[in-house]
Structure formats: structure tokens, C-alpha cells
Amino acid sequence: MANTPLDKRSAATADRIAAQLAFLTEACKLKSVLRATTLCDGSRRENSGEHSWHIALYALVLGDQAQADVNIDRVIRMLLIHDLVEIDAGDMPVHGTHDAAAQAQIEQIAARRIFGLLPPDQAQDFRALWDEFEAAETPDAIFAKSIDRVQPVIANLETGGGTWPAYGVTAAQLETRVGAKVARGAPALWSALKHRIDAWFAARASSLE
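None of these values were measured; they are calculated from a predicted model.

1. A few points about the overall build of the chain
Scanning the chain for helices and strands turns up ten helices and two strands. Secondary structure of the chain in N-to-C order comes out as α-β-β-α-α-α-α-α-α-α-α-α. Burial statistics for the chain: of 209 residues in total, 42% are counted as buried. A fraction of 69% describes how many contacts in the chain between residues 6 or more apart in sequence connect residues 24 or more apart. Carbon and sulfur atoms make up 57% of the accessible area of the chain, which amounts to about 11100 Å² in all. Of the charged side chains in the chain, 21 are positive and 27 negative; the average position of the first set lies 3 Å away from that of the second.

Shown next as C-alpha cells:
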């Protein structure tokens with residue numbers, strides 16, 4: 001007996017759901033990727049799944065600090081998926097000494113595999129959103145990058161400098177690697193944080209004298 005159109009639609013739906021669930025199960029692995037940054041209470045290192053949730057919340061709360069023409073809903077979507085490649089590529093601290101070009105290539109391969117688990121239409125949409133975030137050329141992506149850089153700064157400030165001493169971070173490095181990106185998308189936010197950052201570096205310099 002030949003399959004009816006209804007049977008074919010049911011099979012297609014089942015295949016689609018299976019692919020979506022496979023992607024979501026794979027995404028759970030992001031919770032096992034540890035970052036250099038600790039929780040704000042300093043009790044342990046955060047994982048990349050927690051980081052992704054937290055910066056999505058940051059974007060929702062701090063959306064009024066974005067420049068004009070930023071779609072916060074799209075920003076949140078970017079931030080929820082931006083680190084999924086770390087399932088394969090791992091987390092590379094912004095103040096680390098890794099080869100950025102080599103890491104970018106690893107992440108491209110990871111993006112192809114992980115987003116490729118989705119049904120083709122969603123795979124294309126998610127990959128395009130991830131590529132947009134990485135390029136950081138659109139207003140949405142620029143603000144998303146800003147928020148991605150802000151959250152670790154807050155965690156370090158809340159824990160007496162956090163991992164900055166371990167990585168030998170200087171005020172100039174923080175300005176170049178973090179500040180420039182935050183100020184590009186949320187200048188008032190970086191200006192507000194600078195007072196706390198400058199105070200921390202001043203206090204540390206005094207303690208080392």
C-alpha cells in the first residue's frame with residue numbers, strides 16, 4: 001500500500017523533531033565546558049552554558065544602552081547560540097595566549113557540525129546568525145559582542161579582580177581587548193565600568209608598592 005500524503009507529512013515531521021532534539025541534546029554539552037571566569041561569588045568557575053544564559057539576560061536588561069537600530073530579540077538569539085562551537089573548540093580566554101587564527105578555524109568546523117544537526121532551514125538560519133555575531137559588523141552583532149565582553153568584567157570586579165592577576169592583565173590590555181569592543185556597542189556602559197576598573201588597578205598598584 002502506497003504512502004499517503006498524510007503519512008509523508010507525518011514522517012517529515014517526525015524527522016524534523018528528531019533532528020531538533022538531537023541538536024538540543026548536543027547543546028547540553030556546553031554545560032560541561034568550563035570558562036576561566038568564576039561566578040560572581042567566586043565559588044567556582046562558570047560553564048559556557050551558564051555564561052550564554054547570563055549574557056542573554058544582560059542584553060535584555062541593558063538593551064536601553066544599545067545604539068539606535070538594535071533589535072534586542074535578535075541580540076538575545078545571537079548570545080544564546082554564540083558559544084555552541086565551544087562544545088568542540090573549547091573556551092579560549094580573551095586574555096590567554098592561544099593562536100586566534102587557528103582557533104577561528106576550529107570554530108568554523110565546529111559550527112558546521114553542530115548547526116548541521118538541525119533541519120536544513122534552521123541550520124541555515126542559526127549558522128547565519130552565528131556568522132553575523134562573529135563578523136561584528138551589524139548593529140545587532142556589535143552590541144552582542146559588547147555584552148559578551150561586559151559579563152566577565154563584572155565577575156572579575158565582584159571577586160576582587162578574579163582571574164586578572166593570574167593572567168597578568170594590565171589596564172592597557174583590558175582597554176584594548178575588552179574596552180574597545182564594549183565602547184563600540186555600549187559606550188555609556190563602558191564609561192560606567194571604567195570608574196570601577198580604574199579604582200581596582202589603582203588599589204592593586206598601591207598594594208604592590
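2. Focus on the layout of surface pockets
Left-over empty space is what a probe sized like a water molecule reveals as it rolls over the atoms. Considering only enclosed or pocket space, the largest pocket measures out at about 830 Å³ in volume. Along its surface, the largest pocket is lined by 37 residues, and Met92, Pro93, Val94, Asp148 and Arg149 are the ones closest to its centre. Those elements that place two or more of their residues in the lining of the largest pocket are strand 1 (34-38), helix 5 (100-115), helix 6 (120-135), helix 7 (139-158), helix 8 (164-167) and helix 9 (171-185). Tallying contributions element by element places helix 7 first for the lining of the largest pocket, with seven residues. Per-class residue counts for the lining of the largest pocket are 16 nonpolar, nine polar and twelve charged.

3. Some details on helix 1 (residues 5-27)
For helix 1, built from 23 residues, the straight-helix expectation of 33 Å at 1.5 Å per residue is met to within 8% by its first-to-last C-alpha distance of 33 Å. Among the residues making up helix 1, those that are buried are Ala19, Phe23 and Glu26. The secondary structure elements touched by the buried residues of helix 1 are helix 4 (86-89), helix 5 and helix 6.

4. Things to note about the pattern of salt bridges
The full count for this structure, using the stated rule, is 14 salt bridges. We note a salt bridge from Glu50 to Arg44, for which the minimum N-O separation is 2.7 Å. Judged by relative accessible area, which is 40%, Arg44 ranks as partly exposed. Notably, a salt bridge pairs Asp140 with Arg74, separated by 2.7 Å at the nearest N-O pair. Note that Asp140 is positioned in helix 7 and Arg74 in helix 3 (residues 72-81), a separation of 66 residues in sequence. Judged by its relative accessible area of 7%, Asp140 falls in the buried class. For Arg74, a relative accessible area of 25% puts it in the partly exposed group. Salt bridges here are not isolated pairs; linked through shared partners, they connect Glu26, Lys29, Asp88 and Arg113.

5. Some remarks on the packing of helix 2 (residues 48-61) against helix 7
Direction vectors running N to C along helix 2 and helix 7 enclose 115 degrees, while the axes themselves pass 9 Å from each other. It follows that helix 2 is roughly perpendicular to helix 7 by the angle criterion. As for how helix 2 packs across helix 7, the hand of that crossing is right-handed. Of helix 7, the residues touching helix 2 (which contributes His51, His54, Ile55, Tyr58 and Ala59) are Phe143, Ile147, Asp148, Val150, Gln151 and Ile154.

6. Remarks on the side chain of Lys145
The residue Lys145 is located in helix 7 in this model. Although Lys145 lies buried, it forms no salt bridge, and the closest oppositely charged side chain, Glu134, sits 4.2 Å away as judged by the N-O distance. Once residues lying within four places of it in the same chain are set aside, the contact partners of Lys145 are Phe133, Glu134 and Ala136.

7. Overview of the packing of aromatic side chains
Counted by the stated rule, this structure contains six aromatic pairs. Centre to centre, the rings of Phe23 and Phe126 are 5.9 Å apart; their planes meet at 80 degrees, and the pair counts as edge-to-face. Of this pair, Phe23 sits in helix 1 while Phe126 sits in helix 6, and the two are 103 residues apart along the sequence. With a relative accessible area of 5%, Phe23 lands in the buried category. Their ring planes at 70 degrees and their centres at 5.2 Å tell us that Trp164 and Trp200 sit as a pair that is edge-to-face. Residue Trp164 is found in helix 8, and its partner Trp200 is found in helix 10 (residues 187-208); the two are separated by 36 residues along the sequence. When its relative accessible area of 15% is taken as the criterion, Trp200 is described as buried. Through a chain of ring-to-ring contacts, the aromatic side chains of Phe23, Phe115, Phe126 and Trp130 assemble into a single cluster.

Calculation criteria
Residues numbered from 1 in each chain as written. Predicted model: local features only at pLDDT ≥ 70, side-chain atom pairs only at ≥ 80, totals over all residues. Heavy atoms only, no water. Helix = DSSP H or I, 4+ residues; strand = E, 2+ residues; numbered from the N terminus. Buried < 20%, exposed > 50% of the residue type's maximum accessible area, 1.4 Å probe, protein only. Contact = heavy atoms within 4.5 Å. Areas by Shrake-Rupley, 256 points an atom, 1.4 Å probe, with all protein chains shown as cover. Lys, Arg positive; Asp, Glu negative; His and termini not counted. Charge placed at Lys NZ, Arg CZ, Asp CG, Glu CD. 1 Å grid on protein atoms, 1.4 Å probe; cavity = no way out; pocket = protein on both sides within 12 Å on 5 of 7 lines; lining within 4 Å. Points joined across faces, edges and corners; volume = space filled by probe spheres on them. Nonpolar A, V, L, I, M, F, W, Y, C, P; charged D, E, K, R; others polar. Expected span 1.5 Å × (residues − 1). Salt bridge = Lys/Arg side-chain N within 4 Å of Asp/Glu carboxyl O. Axes fitted to C-alpha atoms, helices over the stretch in contact; angles between N-to-C directions. Parallel < 35°, antiparallel > 145°, perpendicular 65-115°, else oblique. Left-handed = near helix turned anticlockwise from the far one by under 90°. Phe/Tyr/Trp six-rings, centres within 6.5 Å; stacked < 30°, edge-to-face > 60°.

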